[in-house]
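Structural description and commentary
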Amino acid sequence: MIPPETTSKEQTDMSTAGGPSERSQAAGEAPATGVSEKQRTGHTVKVKDLHAYYGSHHSIKGVSVDFPANEVTAIIGPSGSGKSTVVRCINRMHEEIPGARAEGSVMLDDLDVYDTAADVTAVRRLIGMVFQKPNPFPTMSIFDNVAAGLRLTGTRGSDLKELVPRSLQAVGLWDEVKDRLQEPGIGLSGGQQQRLCIARTVAVEPEVILMDEPCSALDPIATLRIEELIDELKERYTIVIVTHNMQQAARVANSTLFMLDGEVIEHDETNKIFTNPGDERTERYVTGKFG
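Here goes a summary of the coordinates provided. (Residues numbered from 1 in each chain as written. Predicted model: local features only at pLDDT ≥ 70, side-chain atom pairs only at ≥ 80, totals over all residues. Heavy atoms only, no water.)

**Notes on the overall build of the chain**
Counting secondary structure elements, the chain contains twelve helices and ten strands. Considering the chain as a whole, with its 291 residues, one finds that 53% of them fall into the buried category. A separation threshold of at least 6 residues defines the contact pool for the chain, and within that pool the share at least 24 residues apart is 70%. As displayed, the chain has an accessible area near 12700 Å², and 48% of this comes from carbon and sulfur atoms. (Helix = DSSP H or I, 4+ residues; strand = E, 2+ residues; numbered from the N terminus. Buried < 20%, exposed > 50% of the residue type's maximum accessible area, 1.4 Å probe, protein only. Contact = heavy atoms within 4.5 Å. Areas by Shrake-Rupley, 256 points an atom, 1.4 Å probe, with all protein chains shown as cover.)

**Here's the deal with the nonpolar core**
Core analysis: the largest hydrophobic core is formed by 45 residues, its most contacted members being Leu-168, Ile-198, Ile-209, Met-211, Ile-230, Leu-233 and Ile-239. Residue contacts for Ile-230: discarding those within four places in its chain leaves Val-72, Met-211, Ile-239, Ile-241 and Val-252. (Core = buried A, V, L, I, M, F, W, Y, C linked by side-chain atoms within 4.5 Å.)

**A word on the pattern of salt bridges**
One pass over the structure, following the stated rule, counts 14 salt bridges. Ionic pairing is found between Glu-96 and Arg-124, a salt bridge with its closest N-O pair at 2.8 Å. Remark: Arg-124 occurs in helix H4 (residues 120-126) and Glu-96 occurs in the loop between helix H3 (83-90) and strand E4 (100-108); sequence separation between them is 28 residues. With relative accessibility at 45%, the residue Glu-96 sits in the partly exposed group. Salt-bridge contacts for Arg-180 lead to Glu-183; the nearest nitrogen and oxygen are separated by 3.2 Å. (Salt bridge = Lys/Arg side-chain N within 4 Å of Asp/Glu carboxyl O.)

**Quick word on the sheet that holds strand E2 (residues 57-67)**
Backbone-to-backbone hydrogen bonds join strands into a sheet, with any given pair of strands oriented parallel or antiparallel. With antiparallel pairing, the four strands of this open sheet are ordered in space as E2-E1-E4-E5. With partners counted over all chains shown, the strands left at the sheet margins are E2 and strand E5 (111-112), one partner each. Where H3 meets the sheet, it contacts strand E1 (45-54), E2 and E4, and its direction lies at approximately 115 degrees from that of E1. (Pairing = 2+ DSSP bridges. Axes fitted to C-alpha atoms, helices over the stretch in contact; angles between N-to-C directions.)

**A closer look at the packing of aromatic side chains**
For the coordinates displayed, the defined rule picks out one aromatic pair. Across from the ring centre of Tyr-53, 4.0 Å away, lies the NZ or CZ of Arg-101, which sits over that ring. Note that Arg-200 overlies the ring of Phe-137, its terminal NZ or CZ placed 4.1 Å from the centroid. (Phe/Tyr/Trp six-rings, centres within 6.5 Å; stacked < 30°, edge-to-face > 60°. Lys NZ or Arg CZ within 6 Å of the ring centre and 35° of its normal.)

**Some remarks on the pairing of E2**
The side chains of a regular strand alternate between the sheet's two faces. Of the pairings in the sheet, the one linking E1 to E2 comprises eight bridges and is antiparallel in character. Bridging from a neighbouring strand, Lys-46 pairs with Asp-66 of E2. Counting the residues between successive antiparallel strands, the hairpin from E1 to E2 contains two residues, one of them, Gly-55, with a positive phi of roughly 65 degrees.

**Considering the sheet that holds strand E7 (residues 208-212)**
Read across the sheet, six strands follow the order E6-E7-E8-E3-E9-E10 without closing on themselves; strand pairing throughout is mixed. Of all strands in the sheet, those with a lone pairing partner are strand E6 (127-130) and strand E10 (263-269), marking the two edges. Each strand of the sheet is rotated relative to its neighbour by a mean of 20 degrees, with strand direction disregarded. As judged from the four bridges shared by strand E3 (residues 72-76) and strand E8 (residues 238-242), these two strands associate in the parallel manner. Within E8, the residue paired with Ile-75 across the bridge is Val-242. Along the sheet, helix H8 (residues 190-203) makes contact with E6 and E7, crossing E6 at roughly 170 degrees.

**Comments concerning the environment of Asn-245**
Within the secondary structure layout, Asn-245 lies in the loop between E8 and helix H10 (246-252). Asn-245 sits in the partly exposed class, given a relative accessible area of 31%. On a C-alpha basis, the gap between Asn-245 and Gly-77 in space is 9.8 Å, while along the polypeptide they are 168 residues apart. A distance of 3.0 Å separates a polar side-chain atom of Asn-245 from the backbone nitrogen of Gln-247. Here the side chain of Asn-245 touches Gln-248 through a polar contact of 2.9 Å, landing on its backbone nitrogen. (Polar contact = N/O pair within 3.5 Å; in protein donor to acceptor, adjacent residues only side chain to side chain.)

**Digging into the environment of Glu-207**
Mapped onto the elements, Glu-207 comes out in the loop between H8 and E7. Classification of Glu-207 as buried rests on a relative accessible area of 1%. Sequence separation between Glu-207 and Thr-238 is 31 residues; the distance between their C-alpha atoms is 6.8 Å.

**Topic: unusual backbone geometry**
In this structure, Asn-70 takes a positive phi of about 55 degrees despite not being glycine. Along the chain, Asn-70 falls in the loop between E2 and E3. Phi is positive for Glu-205, close to 50 degrees, though the residue is something other than glycine. Of note, Glu-205 is situated in the loop between H8 and E7. Judged by its relative accessible area of 15%, Glu-205 is buried.

**A look at the packing of helix H5 (residues 142-152) against H8**
Taken N-terminus to C-terminus, the directions of H5 and H8 make an angle of 30 degrees; their axes are 7 Å apart at the nearest point. Looking at the two axes, H5 sits roughly parallel to H8. H5 and H8 meet at a crossing whose hand is right-handed. Listed contacts from H8 to Ile-142, Asn-145, Val-146 and Leu-150 of H5 are Leu-196, Ala-199, Arg-200 and Ala-203. (Parallel < 35°, antiparallel > 145°, perpendicular 65-115°, else oblique. Left-handed = near helix turned anticlockwise from the far one by under 90°.)

Here you go:
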């Protein structure tokens, strides 16, 4: 049950905070028992012929792309190119916007995310989301922020006391907050808040983590810590990160996807995108000639 003080916005955020391995639940089947270490490794996401609309505006135009397991894929491109829309379509957040809709196929391994029988809440737990601005739940303590998604999945008592510290340790935050767990999450610094939100995501063991410009509101030191964390997390998760920061994409991503006007222009190894792109438009963008 969602805590009574939780706002409707917080309910929406919790539904995108990631979740346990619930592939069978998302497909409308009985939930499996237990999560093996193997299940915690990253999973492949395949997007095929994706179209997205805001009312009559055709925002995403036939995007097809594969996101490999246990790799970081950066999505770059100028403002308005459709980067954030693509990641929001992957975990079906796009349709939460009034008048917005999506067509096409998004496959998480063998699960069709857009199948009519798919459980949208379970999909969003399998595919966690970290937003541009840190969004700890303002009415909750540090402990309860991390525990929020776990409680939604039925985790209680001693399990919470084990999983919350483990999640905070996974994002390098435990030593900084272990004596402040009952203090408000919004009392942390910006960088700590973002790591708290990532801890909330990984606590419920998603299979994919989407990050929509997670460092844009952070200072360089906090940004570096998040980038180090991303490098650590890809050992267990498949990560897609939207970024305007070319240097950040070069530092953290195995491959980089360049978008323009709602279309994929080029997708290749990050080093190739930045040193020897195959499309003139990519070269002009990464060299700062437009965008």
